[in-house]
Amino acid sequence: MLCNRLKKILPGIISPNQSAFVEGRNIVHNILICQDLVRLYKRKNTTKTCLIKVDLRKAYDTVEWRFVEEMLHSLNFPQKFIKWVMACITSTEYTIAINGGVYGNIKGKRGLRQGDPISPLLFVICMEYLSRTMRITEQKGFQFHTKCRGLKLNHLCFADDVLFFCKGEWQSVEMILRGLETFSRASRLHTSAAKSNIYSANMEEQCIQDICELTGYQRGALPFRYLGVPISARKLSATDCEMLVEKMAAKVRTWSSRNISYAGRGMLVNSVLMHIHSYWASIFILPKKVLKNIIGICRSFLWDGKGNSTKMALVAWDTVCKPKQQGGLGIKDCIAWNEATMVKYVWNIANKEDNLWVKWVNHVYIKDQDWWQYEPPIDSCWYWKKICACRDKFAAGFVNNGWLKQGGKYTVKSGYHWYKG
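Model, not experiment: these values are computed from the prediction.

### Looking at the side chain of D161
Within the element layout of this structure, D161 appears in strand β5 (residues 161-167). No salt bridge is formed by the buried D161. Its closest oppositely charged neighbour is K53, at 4.8 Å. If near-sequence neighbours (up to four positions away) are discounted, D161 is found in contact with V54, D55, L156, Y226 and L227.

Written out as structure tokens, the structure is:
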């Protein structure tokens, strides 16, 4: 009951910089904006810029209960609601299991319980203190990262993964670090120096060394992983996606020693292997070589029970990907599915969805142009060109910005079936 009530009001009180556990916001938005931020980092003549990737140390375990209560009060939650919430989180007790026996009854003093459905919602509220602390746009001397001044954007949060970015000058970086220190003192949430990195473009070497020495963070290099996917200044390559292909191959190796029927293998391909690749496929158009490798792994496992087999397929893969009603096995065509997932961004832009990424692309790319007539500039980010290409492929399915009918909502499943005919 408390979670349901809290979910409804979070979109109205949580800053758009946060995308975790807030209805209508998506992890993908942070990734796409981050990709846009670093796309010029390898160019010699680009503006001085700095990006700091921060990981909070044992975030859920170290949140002070008093801080949670003060945040709820400051956001004007009813007193009775605050008492209910505090009763839930302050009743934590721990026991220790030794040699099959359970001993002790240790009373908790701080932290949010892992697995409790209200914990991530409360953590987002705590991180709102950081977002409001970072509203230093009116302070004299702070200079924004390239393309960020119009939206007054200087950080992105997804739970305990935080990105800070600004112009690559000492004064702006110092102001961000000062705001982070203020947040740490209030919440007792501290950064993990071993997992935090600094990325820069055209910054003075001495300035970078001073920042690293002051914070204890390491100097990072592109590409780096953010929220599970690689972020690079260049187009996503097959090499960047090796971890995805290897993960699928490793999963198949654990099954190869078992005697599984064709029907069982088909079920595993559709429910497990395709699920592994679906997260990456919902963010970027994957390289053709990667998609071919994924199809190869799925085909080999389906017909021979192995991840790499030279056994001839009994049925063409296009037929396998047809619905069961048409004589196929209903396995997803990962190439068509990848393109269909990109079209949800097309629909979001066409319907002017209220999220940070739509505001970003309208500010940086589209501006006042008509979305359906817009052509991406040559120097735009590679992922943006791919989205525009998918828009052109699926344009016939849109009717007055609605999918298949006026006001129709786009879903990946409906787009996939429309594209496959």
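### Focus on the sheet that holds strand β1 (residues 49-55)
Ordered in space as β4-β5-β1-β6-β7, the five strands form an open sheet in which the pairing is mixed. Two strands in the sheet have a free side with no partner beyond their single neighbour: β4 (155-158) and β7 (218-219).

### With respect to the packing of helix α1 (residues 2-13) against helix α6 (residues 119-133)
The contact between α1 and α6 brings their axes to 11 Å, and the two run at 20 degrees. The orientation of α1 relative to α6 falls into the category roughly parallel. Judged by the twist between their axes, the crossing of α1 over α6 is left-handed. Listed contacts from α6 to C3, L6, K7, L10 and I13 of α1 are L121, L122, I125, E128 and R132. Its residues placed into classes, the contact of α1 with α6 shows seven nonpolar, no polar and three charged.

### Some details on the pattern of salt bridges
Summed over the entire model, instances satisfying the criterion amount to 16 salt bridges. Linking K48 and E204 is a salt bridge whose minimum nitrogen-to-oxygen distance equals 3.6 Å. In this pair, K48 is assigned in the loop between α2 (27-38) and β1 and E204 in the loop between β6 (197-201) and α8 (205-215), connecting sequence segments 156 residues apart. The class for K48 is partly exposed, based on a relative accessible area of 29%.

### A few points about the layout of surface pockets
For the largest pocket, the calculated volume is near 470 Å³. Around the largest pocket sit 21 residues that line it, and G24, R25, H29, E353 and N355 are the ones nearest its centre. Broken down by secondary-structure element, the contributors of at least two residues to the lining of the largest pocket are α2, α13 (334-350) and α14 (356-366). The biggest single contributor to the lining of the largest pocket is α13, with four residues. For the lining of the largest pocket, a count of residues per class yields six nonpolar, eight polar and seven charged. Counted as a void, the second largest pocket has a volume near 390 Å³. The wall of the second largest pocket is formed by 16 residues, among which C321, K322, P323, Y416 and H417 lie closest to the centre. Among the elements that take part in the lining of the second largest pocket, helix α16 (residues 412-420) stands out by supplying four residues, more than any other. Residue classes in the lining of the second largest pocket are distributed as five nonpolar, five polar and six charged.

### Thoughts on a nonpolar patch on the surface
Taken together, the side chains of Y94, I96, I98, Y103 and I106 present a nonpolar region at the surface, about 490 Å² in accessible area. Looking at the nonpolar patch, the elements that each hand over two or more residues are β2 (93-98) and β3 (101-107). At three residues, the largest contribution of residues to the nonpolar patch is made by β2. Considering the arrangement of structural elements, one finds Y103 in strand β3.

### Quick look at the environment of N26
Of note, N26 is situated in the loop between α1 and α2. As a C-alpha pair, N26 and N355 span 329 residues in sequence and 8.8 Å in three-dimensional space. Engagement of the side chain of N26 in a polar contact is seen with the backbone nitrogen of V28, the distance being 2.9 Å.

### Remarks on the environment of K53
Relative to the assigned elements, K53 resides in strand β1. The exposure class assigned to K53 is buried, which follows from its relative accessible area of 13%. Distance from K53 to C207, taken between C-alpha atoms, is 17 Å for residues 154 residues apart in sequence.

### Focus on the pairing of β2
Judged from the five bridges that link them, β2 and β3 form a sheet pairing that is antiparallel. Across the sheet, the residue bridging to I98 is G101, located in β3. A loop of two residues connects β2 with β3, the two strands running antiparallel in sequence, and N99 in this loop sits at a positive phi of about 50 degrees.

### Some words on the side chain of S184
By the element assignment, S184 lies in helix α7 (residues 170-187). Residue S184 is classed as buried on the basis of its relative accessible area, which comes to 5%.

### Regarding empty space enclosed by the protein
Considering all chains together, one arrives at one cavity of 30 Å³ or more under this definition. Each pocket or cavity is described by its volume, and for the largest cavity that value is around 70 Å³. Around the largest cavity, the lining residues are D36, L37, R39, L40, Y41, T46, T47, T49, H145, T146, K147 and A201.

### Quick notes on the packing of α13 against helix α15 (residues 382-394)
In the contact formed by α13 and α15, the axes pass within 9 Å of each other and the chain directions differ by 90 degrees. For the element pair α13 / α15, the angle class is roughly perpendicular. Across the interface between the two elements, E339, A340, M342, V343, Y345, V346 and I349 from α13 touch W384, I387, C390, R391, K393 and F394 from α15. Along the lines of polarity and charge, the residues of the contact of α13 with α15 split into 10 nonpolar, no polar and three charged.

Conventions and cut-offs
Residues numbered from 1 in each chain as written. Predicted model: local features only at pLDDT ≥ 70, side-chain atom pairs only at ≥ 80, totals over all residues. Heavy atoms only, no water. Helix = DSSP H or I, 4+ residues; strand = E, 2+ residues; numbered from the N terminus. Buried < 20%, exposed > 50% of the residue type's maximum accessible area, 1.4 Å probe, protein only. Lys, Arg positive; Asp, Glu negative; His and termini not counted. Salt bridge = Lys/Arg side-chain N within 4 Å of Asp/Glu carboxyl O. Contact = heavy atoms within 4.5 Å. Pairing = 2+ DSSP bridges. Axes fitted to C-alpha atoms, helices over the stretch in contact; angles between N-to-C directions. Parallel < 35°, antiparallel > 145°, perpendicular 65-115°, else oblique. Left-handed = near helix turned anticlockwise from the far one by under 90°. Nonpolar A, V, L, I, M, F, W, Y, C, P; charged D, E, K, R; others polar. 1 Å grid on protein atoms, 1.4 Å probe; cavity = no way out; pocket = protein on both sides within 12 Å on 5 of 7 lines; lining within 4 Å. Points joined across faces, edges and corners; volume = space filled by probe spheres on them. Patch = residues over 30% accessible without salt bridge, like charges linked within 9 Å, V, L, I, M, F, W, Y side chains within 5 Å. Areas by Shrake-Rupley, 256 points an atom, 1.4 Å probe, with all protein chains shown as cover. Polar contact = N/O pair within 3.5 Å; in protein donor to acceptor, adjacent residues only side chain to side chain.

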